[in-house]
Amino acid sequence: MTQMDYSVAGDLAASGIASEIDSEALYEKCMALAHNLWWSWQPEVTNLFRDIDPIRWRQLDHNPIALLREFTPDRLSIRASEMVLHSRVNYAFRRLQEYLESNNTWAHTNAGVLGSKPVAYFSAEFGLHESLPVYSGGLGVLSGDHIKSASGLGVPLVGVGLYYSHGYFKQALNNEGYQREEYFETRVEDLPLEAALLPDGTPLVVGIDTRDGRLLAKVWKVRVGRVTLHLLDCNVDGNRPEDRELTSRLYGGDERTRIRQELVLGIGGVRALRALGIVPGAYHLNEGHSAFAPLEVIRERMSDDGMSFDDAAREVAQSTIFTTHTPVPAGHDRFSSVLIEEHLGPQREALGISHDHLMSIGRVQSSDPNETFCMTVIGLKLSRTANAVSQLHGHISRRMWHSLWPHREENNIPIGHITNGVHTESWLAGQMAQLYDRHFPANWRTHMGEADVWQFIHNVDPGELWETHNALKNMLLSFVRRRVSRQCRRRGVPGPAGRSPSAKPSGTKGRAVGGAAKPARKRPGSQTD
């Protein structure tokens, strides 16, 4: 069933004609909610899915589509009657429809200049929710929060990334206590993916020519509130077996795999947007993985407007933003002259430039034949605006890339900084949000960026705040106990300090709980139960 089908099905219940709906409509409406990741930052909707089957919800990594696929419409209807879920489902879907259709957004008032030309946001990973494992860490979390925030603000934006069927590896300990990597293949039918279609209804497949043959990639769409994320997938008929595995793992393989992934992300991503009739007003490259994208936009401008390479490059740079993340030189992707010619030779010929010219765009010292091609360098050279992700990182980046602008003072290197933010509703615990609801203005969620809103925290009784804090800490401890117990059972070893893995520590109420372990990053959208 397509997203449109889910929307039509949901309209029946959203009309409010009856509080009890038939089993098919109930099932389709729940699926409609599950196919838009808006639910992942709505505690009431998350609780709705959990109440369908709390045990399986936890076992399925809080994946509502996988959960619903285990139910028939009739069985789901029975469960909904037992848990009195019909009105909650109706209300949740009505809220989603109102959210999608509302024009009362920040962007409607302040960003009308974007009009019908959205921002195209490219990233190698997107951390949206643990059930969609196409991320590994901070880069993906930032990307995920970026497009969620764009949805909340109503900023016209489309995301472009890659679909990794095996995601990023999960860490586990063997019986000797050493870490091992585990990959698990995800099933498309259990994910909120739908095929991107051409106007004639056929699935979109883009092609990229290389010296070694043609690479093909199909395109999936993911609904993230008001924003659509496009994920390219090389597991498609027509590719060689090794190329069908090209996008199976995030950050897997050797340099050749890496450059081919980045070719698909950058050049393939731009071609996918064009095939779908999307004409971006700006291109935002989140790290150097997607820095081949401007080369394709330049080619389009040369073909459509008859411009020279240099003129088109200047025009494209005016609408390109580049964000750099890596604070150490060794962390930036670099490729040999041979790999660049093998994979970008046909693109270079279409641009009408020599191999040396192309290599110079990716080099700090343009004429040094021994220097490799750096993705960060091409990103900096083909963008108008570049930024680091914190004030300190800005200083480090300006020092690191000073040689690109040798005649400028370090403080005048054109790399600014924007401190990473977060999508507050994804990271704020539901219990804490309810506390704010009781004491903050009714519209505080849409004015979180205003300092005046947070002055209402002084209206909160310290005892109430501390009680909420303790409740959340106990949930965290319960989660840790379950996770450690599961790991110990799998390894066949006793729990910590010789206790049973399920033993509960005593005396934690009102006390700080600490340890010597490296801090772990919470998965975006992850739940504690």
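Above this text you will find the structure in question.
Let us look at the structure shown here. Along each chain, numbering runs from 1 in the same order as the chain's sequence is written. Whole-chain, interface and lining totals are the exception, using all residues; otherwise, since this is a predicted model, local features are given only for residues with pLDDT of at least 70 and side-chain atom pairs are given and counted only at 80 or more. The basis for every side-chain value is the complete set of heavy atoms in the structure, and neither hydrogens nor water enter the calculation.

**A few points about the packing of aromatic side chains**
Threshold: Each aromatic pair joins two rings of Phe, Tyr and Trp (for Trp, the six-membered one) with centres within 6.5 Å, and gets the label stacked for planes under 30 degrees apart, edge-to-face for over 60, and tilted for any other angle. Remark: exposure states derive from per-residue accessible area (1.4 Å probe, protein chains only) relative to the maximum for the residue type, with buried under 20%, exposed over 50%, and partly exposed in between. In this text, helices come from DSSP runs of H or I with a minimum length of four residues, and strands from runs of E with a minimum of two, each type numbered from the N-terminal end. Should the NZ of a Lys or the CZ of an Arg lie within 6 Å of a ring centre and within 35 degrees of the ring normal, that charge is described as sitting over the ring.
Taken as a whole and assessed by the stated rule, the structure comprises 15 aromatic pairs. Seen from their ring centres, Tyr436 and Phe440 are 4.7 Å apart, and the 15° between their planes marks the pair as stacked. As far as burial versus exposure is concerned, Tyr436 and Phe440 are alike and both buried. On the numbers, 5.6 Å between centres and 85° between planes, the contact of Tyr436 with Trp454 is edge-to-face. Residue Tyr436 is found in helix 19 (residues 430–439), and its partner Trp454 is found in the loop between helix 19 and helix 20 (462–491); the two are separated by 18 residues along the sequence. By relative accessible area, which is 29% here, Trp454 ends up partly exposed. Positioned above the aromatic ring of Phe71, the side-chain terminus of Arg75 is 4.1 Å from the ring centre. Taking NZ or CZ as reference, Arg226 lies 3.9 Å from the ring centre of Tyr99, over its face.

**Topic: the pattern of salt bridges**
How we decide: In the sections that follow, a salt bridge refers to a side-chain nitrogen of Lys or Arg positioned within 4 Å of a carboxyl oxygen of Asp or Glu.
All chains considered together, the criterion is met by 31 salt bridges. Where Arg79 meets Glu82, a salt bridge forms, and the shortest distance between an N and an O atom there is 3.5 Å. Of this pair, Arg79 and Glu82 both sit in helix 6 (residues 73–83), three residues apart, which is roughly one turn of the helix. Classification of Arg79 by relative accessible area gives partly exposed; the value is 23%. A single salt-bridge network, built from bridges that share partners, covers Asp212, Arg240, Glu242, Asp243, Arg256, Arg260 and Glu342.

**Quick look at the environment of Glu24**
With respect to the element layout, Glu24 can be found in helix 2 (residues 23–34). Exposure remark for Glu24: the relative accessible area of 43% places this residue in the partly exposed category. Considered as a pair, Glu24 and Thr72 are 48 residues apart in the sequence and their alpha carbons are 9.0 Å apart.

**A few points about the nonpolar core**
Where we set the bar: To form a nonpolar core, buried Ala, Val, Leu, Ile, Met, Phe, Trp, Tyr and Cys residues must be joined to one another through side-chain atoms within 4.5 Å. By definition, residues are in contact when any of their heavy atoms lie within 4.5 Å.
Counting residues in each nonpolar core, the largest one holds 117 residues, and the members touching the most others are Phe122, Phe292 and Trp401. Non-local contacts of Trp401, meaning those with residues more than four positions away in its chain, are made with His332, Arg334, Val364, Cys374, Thr376, Val377, Leu380 and Ile415. Counting 10 residues, the second largest nonpolar core, distinct from the first, contains Tyr436, Trp444, Met448 and Val460.

**As for the pairing of strand 1 (residues 119–123)**
Spelled out, the test is: Being paired, for any two strands, means DSSP has found at least two bridges between them. When the strands point away from the viewer, a crossover counts as right-handed if the route from the first strand across the helix to the second turns clockwise.
The element strand 1 is largely enclosed, with a buried count of five among its five residues. The side-chain alternation of strand 1 yields two buried faces, one formed by Val119, Tyr121 and Ser123 and the other by Ala120 and Phe122. By the bridge criterion, four bridges tie strand 1 to strand 2 (residues 157–162) in an arrangement that is parallel. For Val119, the partnering residue across the bridge sits in strand 2 and is Leu157. In this fold, strand 1 hands off to helix 9 (residues 138–153), which returns the chain to strand 2; that crossover is right-handed. Of the pairings in the sheet, the one linking strand 1 to strand 9 (residues 282–286) comprises five bridges and is parallel in character. Counterpart to Ala120 in the pairing with strand 9 is Tyr283.

**Some points on helix 20**
This is how it is decided: In this analysis, the expected span of each helix is defined as 1.5 Å times one less than the number of residues it contains. In protein, a polar contact requires one atom able to donate a hydrogen and another able to accept it; more generally it is a pair of N or O atoms within 3.5 Å, and residues adjacent in sequence count only if both atoms are side-chain atoms.
Helix length check: helix 20 (30 residues) gives 43 Å between terminal C-alpha atoms against 44 Å at 1.5 Å per residue, within 8%. Buried residues of helix 20: Thr468, Asn470, Lys473, Leu477, Arg481, Ser485 and Cys488, and no others. In this structure, the buried side of helix 20 is in contact with helix 19. For helix 20, the N-terminal cap is Asp461; the gap from its side-chain oxygen to the backbone nitrogen of Gly463 is 2.8 Å. Gly492 sits one or two residues past helix 20 and shows a positive phi near 70°.

**Describing unusual backbone geometry**
Of note in this structure, His62 is not a glycine but carries a positive phi near 60°. Here His62 is to be found in the loop between helix 4 (54–59) and helix 5 (64–68). Phi is positive for Val84, which is not a glycine, with a value near 55°. Position of Val84 relative to the elements: it lies in the loop between helix 6 and helix 7 (86–101).

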